[in-house]
Amino acid sequence: MRILLVGAGGVGSAFAAIAARRSFFEALVVTDYDGARAEATASAVDDERFSSAGSVDAGDADAVAALLAEHRCDVLMNAVDPRFVMPLFRAALAGGATYLDMAMSLSRPHPENPYTETGVKLGDEQFALAGEWEAAGQLALVGMGVEPGLSDVFARYAADPLFSAIDELGVRDGANLEVSGYEFAPSFSIWTTIEECLTPPVVYEEGRGFFTTAPFSEPEVFEFPEGIGPVECVNVEHEEVLLMPRWVDAKRVTFKYGLGTEFIDVLKALHKVGLDRTDPVTVKGVQVSPRDVVAACLPDPARLGDRMSGKTCAGLWVTGTGKDGEPRQVYLYHVVDNEWSMREYGHQAVVWQTAVNPVVALELVAAGTWSGAGVLGPEAFDSQPFLDLLTAYGSPWGMREGG
């Protein structure tokens, strides 16, 4: 396996550091819009299998396809913002490569009823090309980060050995992370966070299908494990709600994120003044995207690890009927301690937790354990080999009975 890694930011560089400890691939070529950053990521691991392809525009499908051919790569690993999903998706198809991403093609709200009806949903543009991927015999493994990704693997696991019928698949994400020295410092890409949190969230219900609600709706307090404790979670748009019902039978699917009051207030303020917009505005004769300005004014999440403390938890709360016919609820989860991820890999917990899952998935693809053609989510594959390998990576998952 020869991998072209597009994106050398926080998650991309963590992906490289994790992959360097595994032997399933022959070469990993790093490219980024910033050639120096690609070179730094490739050289940081001190591994002759790693090299840099310099800079590339991730929005230029032809240029990316040319890199796949030049470096004889049979896998395209997408580690950039979701606005670049479609050109990279098309580049992999044209280049005959397996494709993997951690976030799917962007949604567009319903033009008239954004808080009740869906418009273009997350991933719709990718699934529209599923027939072309199937005809080519190529695999596009979509939504394979932590959320989406590991949470979707948990859905498959719940449906197979744990439950005979599922009432709700509820992704619940929370943390007790703190960043010293900053009044406001998101631990993940603010561009992506704004997109997720200010777009109307989607809920799935059997018989009704997909529908939307207002951002930050249906608040609930969820008790997170391993010392994190209670965190208020709210509805947020996320790929799991669109992926899980395709392969797993459930009466309801939701995604709720523990954002905190301060974070929500900042996002609402950005929205009120239009700083969440992506369309360029003219400032003293220069065209700039307001959201890009916000991102540029905040610290790089990849460089916050030495200022961070605490843990982050990604998980899936499942309710329904167990295999014994009795009511059951469980919380399947994965916790990463920032102190551990910084000590072991030099990468902060949130980006490390996101990056480890595509490495595990690609190792399963390389071994032929996971295989297929078309546009497939993590739910389409056997969950047990993934969970076993994740544990073998030194990052075990957990299950709490009782939700």
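Now for a quick tour of the structure. (Residues numbered from 1 in each chain as written. Predicted model: local features only at pLDDT ≥ 70, side-chain atom pairs only at ≥ 80, totals over all residues. Heavy atoms only, no water.)

**So, the pattern of salt bridges**
Oppositely charged side chains are able to pair whenever their charged atoms sit close together. Taken as a whole, this structure holds 20 salt bridges when the rule is applied. Glutamate 363 serves as the salt-bridge partner of arginine 22, at 2.9 Å between the closest nitrogen and oxygen. Linking arginine 22 in the loop between helix H1 (10-19) and strand E2 (27-32) with glutamate 363 in helix H13 (residues 349-367), this pair joins segments that are 341 residues apart in sequence. Using a relative accessible area of 16% as the deciding quantity, one classes glutamate 363 as buried. Glutamate 220 is paired through a salt bridge with lysine 256; the nearest N and O atoms lie 3.1 Å apart. Here lysine 256 lies in strand E13 (residues 252-257) and glutamate 220 lies in strand E11 (residues 220-224), a separation of 36 residues in the sequence. What makes glutamate 220 partly exposed here is its relative accessible area of 23%. Among the residues examined, lysine 256 registers a relative accessible area of 5% and is labelled buried. Beyond isolated ion pairs, a larger network of salt bridges with shared partners links Glu168, Arg172, Glu205, Glu218, Glu220, Arg252 and Lys256. (Salt bridge = Lys/Arg side-chain N within 4 Å of Asp/Glu carboxyl O. Helix = DSSP H or I, 4+ residues; strand = E, 2+ residues; numbered from the N terminus. Buried < 20%, exposed > 50% of the residue type's maximum accessible area, 1.4 Å probe, protein only.)

**Topic: empty space enclosed by the protein**
In this structure the tally under the stated criterion is one cavity of 30 Å³ or more. Here the largest cavity is characterised by a volume of approximately 60 Å³. Lining the largest cavity are 15 residues, and of these Pro109, Gly119, Pro200, Thr212 and Glu237 lie nearest its centre. Split into classes, the residues belonging to the lining of the largest cavity amount to five nonpolar, six polar and four charged. (1 Å grid on protein atoms, 1.4 Å probe; cavity = no way out; pocket = protein on both sides within 12 Å on 5 of 7 lines; lining within 4 Å. Points joined across faces, edges and corners; volume = space filled by probe spheres on them. Nonpolar A, V, L, I, M, F, W, Y, C, P; charged D, E, K, R; others polar.)

**Comments concerning the pairing of strand E12 (residues 229-235)**
In terms of residue burial, E12 counts as a mostly covered element, since five of its seven residues are buried. Sheet topology places E11 next to E12; five bridges connect them, and they run antiparallel. In the sheet register, glutamate 223 faces E12, and the bridge partner there is proline 230. What sits between the antiparallel neighbours E11 and E12 is a turn of four residues, in which glutamate 226 has the positive phi angle 55°. (Pairing = 2+ DSSP bridges.)

**Digging into the layout of surface pockets**
By volume, the second largest pocket is sized at about 530 Å³. Lining the second largest pocket we find 24 residues, and of these Ser107, Glu195, Thr199, Thr278 and Arg291 sit closest to its centre. Secondary structure elements with two or more residues in the lining of the second largest pocket: helix H4 (85-94) and helix H8 (190-198). If one sorts the elements of the lining of the second largest pocket by residue count, H8 sits on top with four residues. A breakdown of the residues in the lining of the second largest pocket according to their chemical character gives eleven nonpolar, five polar and eight charged.

**Thoughts on unusual backbone geometry**
Most peptide bonds take the trans configuration, and most residues that are not glycine carry a negative phi. The amide bond that connects glutamate 147 to the next residue, proline 148, takes the cis arrangement and shows omega of 0°. Position of proline 148 among the secondary structure elements: in the loop between strand E6 (139-141) and helix H7 (150-162). Of note in this structure, aspartate 46 is not a glycine but carries a positive phi near 55°. Summarising the element assignment, aspartate 46 is placed in the loop between helix H2 (35-44) and strand E3 (50-55). By relative accessible area, aspartate 46 is classed as exposed at 73%. Backbone geometry at glutamate 226 places phi at a positive 55°, although glycine is not the residue there. By the secondary structure assignment, glutamate 226 is in the loop between E11 and E12. On the basis of relative accessibility, which here comes to 44%, the residue glutamate 226 falls in the partly exposed class.

**Section: the side chain of aspartate 47**
Note on placement: aspartate 47 falls in the loop between H2 and E3. Using a relative accessible area of 18% as the deciding quantity, one classes aspartate 47 as buried. A distance of 2.8 Å separates a polar atom in the side chain of aspartate 47 from a polar atom in the side chain of arginine 49. (Polar contact = N/O pair within 3.5 Å; in protein donor to acceptor, adjacent residues only side chain to side chain.)

**Let's talk about H1**
Of all ten residues that make up H1, ten are buried, and the element is covered over most of its length. Of all the positions in H1, only Gly10, Val11, Gly12, Ser13, Ala14, Phe15, Ala16, Ala17, Ile18 and Ala19 are classed as buried.

**Thoughts on the pairing of strand E1 (residues 2-6)**
The buried fraction of E1 is high, at five of five residues. Neither face of E1 is left uncovered, since the one carrying Arg2, Leu4 and Val6 and the one carrying Ile3 and Leu5 both have all their residues buried. Judged from the five bridges that link them, E1 and E2 form a sheet pairing that is parallel. By the bridge assignment, leucine 4 is partnered in E2 with valine 29. By the bridge criterion, four bridges tie E1 to strand E4 (residues 75-78) in an arrangement that is parallel.

**Things to note about the packing of aromatic side chains**
With the rule as written, the count across this model stands at 20 aromatic pairs. Considering the side-chain rings of tyrosine 204 and phenylalanine 210, the 5.2 Å spacing of their centres and the 55° angle between planes classify their relative orientation as tilted. Exposure remark for phenylalanine 210: the relative accessible area of 28% places this residue in the partly exposed category. Plain terms: the ring middles of phenylalanine 224 and tyrosine 331 are 6.2 Å apart, the flat faces sit at 75° to each other, and that makes the pair edge-to-face. Here the residue phenylalanine 224 occupies a position in strand E11, and tyrosine 331 occupies one in strand E18 (residues 327-337), the gap between them amounting to 107 residues. Exposure class is identical for phenylalanine 224 and tyrosine 331. Each is buried. Feature note: the residues Phe222, Phe224, Trp317, Tyr331 and Tyr333 constitute an aromatic cluster, connected by ring pairs. The aromatic ring of tyrosine 345 is capped on one face by arginine 21, whose charged end is 3.8 Å from the ring centroid. Residue placement shows arginine 328 over the ring face of phenylalanine 163; its charged tip is 5.9 Å from the ring centre. (Phe/Tyr/Trp six-rings, centres within 6.5 Å; stacked < 30°, edge-to-face > 60°. Lys NZ or Arg CZ within 6 Å of the ring centre and 35° of its normal.)

Take it as geometry only, folks, not as evidence of what the structure does.
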